[in-house]
Amino acid sequence: MPFHMNKIIQFTCLGVLLVAGACQERIVPETKKTPKNVLFIMVDDLRPEFAAYGQNEIISPNLDALANSGIRFDRAYCQVPICGASRASIMTGTYPTRHRFLSARTAAEDDRPGTEVLPGHFKKNGYHTKSIGKIFDRVDDHLKAWSEPPIRFQSMYRWPDYHSEENLRLDSLHTLGLPWEKLDVPDSTYFDGRIANEAIASLKDFKSTGQPFFLAVGFVKPHLPFTPPKKYWDMYDPNEIVLPEHRTFQPGNAPEEAFFKWIELLSYYGVEEGPLSDEFARNMIHGYRASVSYVDAQLGRLMEALDQEGLTENTTVVLLGDHGWHLGEHGVWCKKYSFQESLRVPLIIKDPAHSPGVSKNVVELVDLFPTLLELTNLPYPEHQLAGESLAGQLQNPEKEVYGTAFSKWQNGLTVVTPTHSYTQWMSEPNTIQAHMLYDLKNDPNEQNNIAHEKENKALVDSLESELYSLMGPEFEQPIQNTEQE
Ligand SMILES: [Ca+2]
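Residues numbered from 1 in each chain as written. Predicted model: local features only at pLDDT ≥ 70, side-chain atom pairs only at ≥ 80, totals over all residues.

Peer 1: What is the right way to read the overall build of the protein chain from this model?
Peer 2: In terms of helices and strands, the protein chain carries 15 helices and 13 strands. The 485 residues of the protein chain split such that 50% are buried. (Helix = DSSP H or I, 4+ residues; strand = E, 2+ residues; numbered from the N terminus. Buried ≥ 20, exposed ≤ 12 C-beta atoms within 10 Å, placed from the backbone.)

Peer 1: What should I look at first to understand the sheet that holds strand β10 (residues 405–409) in this one?
Peer 2: The strands making up a sheet associate through backbone hydrogen bonding, with each pair oriented either parallel or antiparallel. Read across the sheet, four strands follow the order β10-β11-β12-β13 without closing on themselves; strand pairing throughout is antiparallel. Of all strands in the sheet, those with a lone pairing partner are β10 and β13 (431–439), marking the two edges. Geometrically, the sheet is characterised by an average inter-axis angle of 15 degrees between neighbouring strands, direction not taken into account. (Pairing = 2+ DSSP bridges. Axes fitted to C-alpha atoms, helices over the stretch in contact; angles between N-to-C directions.)

Peer 1: It is not clear to me how the pairing of strand β4 (residues 213–219) should be interpreted in this structure. Could you clarify?
Peer 2: Within a regular beta strand, the side chains point alternately toward one face of the sheet and then the other, so they alternate between its two faces. Most of β4 is tucked away, with seven of its seven residues classed as buried. Here β4 shows no split at all, with Phe213, Leu215, Val217 and Phe219 on one side and Phe214, Ala216 and Gly218 on the other all buried. Sheet analysis places strand β1 (residues 37–43) next to β4, joined by six bridges and oriented parallel. Each bridged residue has a counterpart across the sheet, and for Val38 the counterpart in β4 is Phe214.

Peer 1: I would appreciate a short explanation of the packing of helix α3 (residues 61–69) against helix α11 (residues 278–308) in the present structure.
Peer 2: The description of two helices packed together rests on the angle between their axes and the distance between the axes. Contact geometry of α3 with α11 gives a least axis separation of 7 Å together with a crossing angle of 55 degrees. It follows from the interaxial angle that α3 and α11 lie oblique. Contacts from Pro61, Asn62, Leu63 and Leu66 in α3 reach Asp296, Leu299, Gly300 and Met303 in α11. Taken together, the residues of the contact of α3 with α11 break down into five nonpolar, two polar and one charged. (Parallel < 35°, antiparallel > 145°, perpendicular 65-115°, else oblique. Contact = placed C-beta atoms within 7 Å. Nonpolar A, V, L, I, M, F, W, Y, C, P; charged D, E, K, R; others polar.)

Peer 1: Looking at this structure, I do not really get the confidence of the model for the protein chain. What am I missing?
Peer 2: Caution is warranted with low-pLDDT regions, since their predicted coordinates should not be read in detail. Mean pLDDT over the protein chain works out to 89, with 90% of the residues at or above the 70 mark. Ignoring residues within four places in sequence, the model shows residues 1–32, a span with pLDDT below 50, making 30 contacts including any to other chains. Predicted confidence is poor over residues 478–485, with pLDDT under 50, and the contacts of this stretch with residues over four places away or in other chains come to 11 contacts. (pLDDT = per-residue confidence, 0-100.)

Peer 1: Quick question: what am I supposed to make of the nonpolar core here?
Peer 2: In globular proteins that are soluble, nonpolar side chains generally tend to be buried together. The biggest cluster of nonpolar side chains holds 118 residues, and the ones touching the most others in it are Ile41, Val217 and Val318. For this core, the element with the most residues is α11, which contributes 12 residues. Ignoring anything within four residues of it in the chain, the contact list for Val217 reads Ile41, Ile132, Gly133, Ile195, Ala199 and Leu302. (Core = buried A, V, L, I, M, F, W, Y, C linked by C-beta atoms within 7 Å.)

Peer 1: Help me understand helix α15 (residues 457–471) in this model?
Peer 2: The periodicity of an α-helix, 3.6 residues per turn, causes residues three or four places apart in sequence to face the same way. With 15 residues, α15 extends 21 Å from end C-alpha to end C-alpha; this agrees with the ideal 21 Å at 1.5 Å per step. Here the buried face of α15 lies against β10, β11 (412–416), β12 (420–428) and β13. Where α15 ends, the next residue or the one after it, Gly472, has phi of about 75 degrees, a positive value. (Expected span 1.5 Å × (residues − 1).)

Peer 1: Can you walk me through α3 in this structure?
Peer 2: Those residues of α3 that sit buried are Leu63, Leu66 and Ala67. Buried residues of α3, viewed axially, fall in a sector of 100 degrees; they line one side. Of the surrounding elements, those touching the buried residues of α3 are β2 (71–77), α11, β5 (315–321) and β8 (344–350). (Arc of directions from axis to C-beta.)

Peer 1: Please explain the sheet that holds β5 as it appears in this structure.
Peer 2: Taken together, seven strands build an open sheet; the order of strands is β3-β4-β1-β5-β8-β2-β9 and the sheet is mixed. Strands at the two margins of the open sheet, each flanked by one partner only, are β3 (128–133) and β9 (357–364). Recorded for the sheet is a direction-independent mean angle of 15 degrees between the axes of neighbouring strands. In this sheet, β8 lies alongside β2 in antiparallel orientation, the contact comprising five bridges.

Peer 1: Just checking my understanding: could you explain the packing of helix α8 (residues 191–209) against α11 for this structure?
Peer 2: Contact geometry for α8 and α11: axes closest at 9 Å, N-to-C directions at 10 degrees. On the basis of their axis angle, the class for α8 and α11 is roughly parallel. The residues of α11 that touch α8, namely those facing Asp192, Gly193, Ile195, Ala196, Ala199, Ile200 and Leu203, are Tyr294, Val295, Gln298, Arg301, Leu302, Ala305 and Leu306. Considered class by class, the residues forming the contact of α8 with α11 number 10 nonpolar, two polar and two charged.

Peer 1: Before we go on, may I ask you to explain unusual backbone geometry in this structure?
Peer 2: One can expect most non-glycine residues to show negative phi and most peptide bonds to be in trans. Cis geometry is found at the peptide bond from Lys221 to Pro222, where omega equals 10 degrees. Position of Pro222 relative to the elements: it lies in the loop between β4 and α9 (230–233). Residues Leu224 and Pro225 are joined by a peptide bond in cis, for which omega reads -10 degrees. One can find Pro225 in the loop between β4 and α9. Here His142, not a glycine, exhibits a phi torsion of approximately 50 degrees, which is positive. Here His142 shows up in the loop between β3 and α7 (165–172).

As structure tokens, this is what we get:
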């Protein structure tokens, strides 16, 4: 992906002018006077399938209201389908390579030392930056990017947030408890209720100080274990949950590299290898949906507080999932696959200067870094960002813009285009082990791998070129000492 030099030059010049105090009125007439705030909301493991995205079985009035009052990106993709690595990519605005952003526990500071991160950039430009909940996967990652110590609740060792006697007992035996919990308790018993409380209190503080803010709020559900309070489970009738048609079907012509054990789920007590029973699968989907509804209620409180503090008109709100999640599709569960269910994410941008709309263009989560800088008139960090600003698409979301997305999970490298998804597995540079190609228009569930069909050779060649072009020269390089960048 090329650096967008015009924009880099434009915004670098802008930054110099702002520092020099020259031509401010001409360059940034209004926004310099009242810098726009950013409310950056991440939802852990959220699929793009609440009602605004066409999944009417999920009760999510607040997610839907946000989606319908902002720009909903229907085809946004993560760069790595796992928490830590995806978040490091988002926060640095850079792609994964063979050497960086590899795992659930990736820290951006370890993998790309010396690189600017999104909140740090806002802080450097006069914003108060604050992190509540799960933003960076590791709570100690890029501490200096925040104006005050992050509020996390989760610790390295107590992250599941169990409250039932059974789960607490199992968890204390050095194994995880059950993958769910259904207690009749208040919302604030669990992390997300407390995260919302803290975020609401912070909005009040920001209102009183008047300093522009970048508030990052990271809800931790619907990540496993599914532990929303009982009232959210009660919103759904498990007998009405329809299991995915291809739940137990792994397409025979997909390479074996595309499949592996869903270790994340297997690490919970009582989960055994092999296909899940219908009852277990139904409970998983029930728990996931209830968890989304629980987060949705917290989001509603947060958005209401933004309104009550009179901040809505001067705040850009972004909501995204860090990656997708399989609920049985392709015969698998959890994340870390190269299929659409793992790679596609919800992305909503509600900016006061833009009308609501829907974009069906392919975009990437690395696009968020430059987008938020353009929306707030901040300079770009030089020679860093892999993505493109989506600000132009916010002006006219219905306009078709050709886009591609790059994703990587282990040796599987994927390029998604408006019409296709193509993945190659390479254990070594230039050594292709396997590949798969899906026609997303005619086969949206990716059931028929057409990479080996003769008539698709030219298409495979062109997608391969597109993939290599996205990866760029940095992909083959060893980790550099980026202090000098
Ligand atoms: Ca996640």
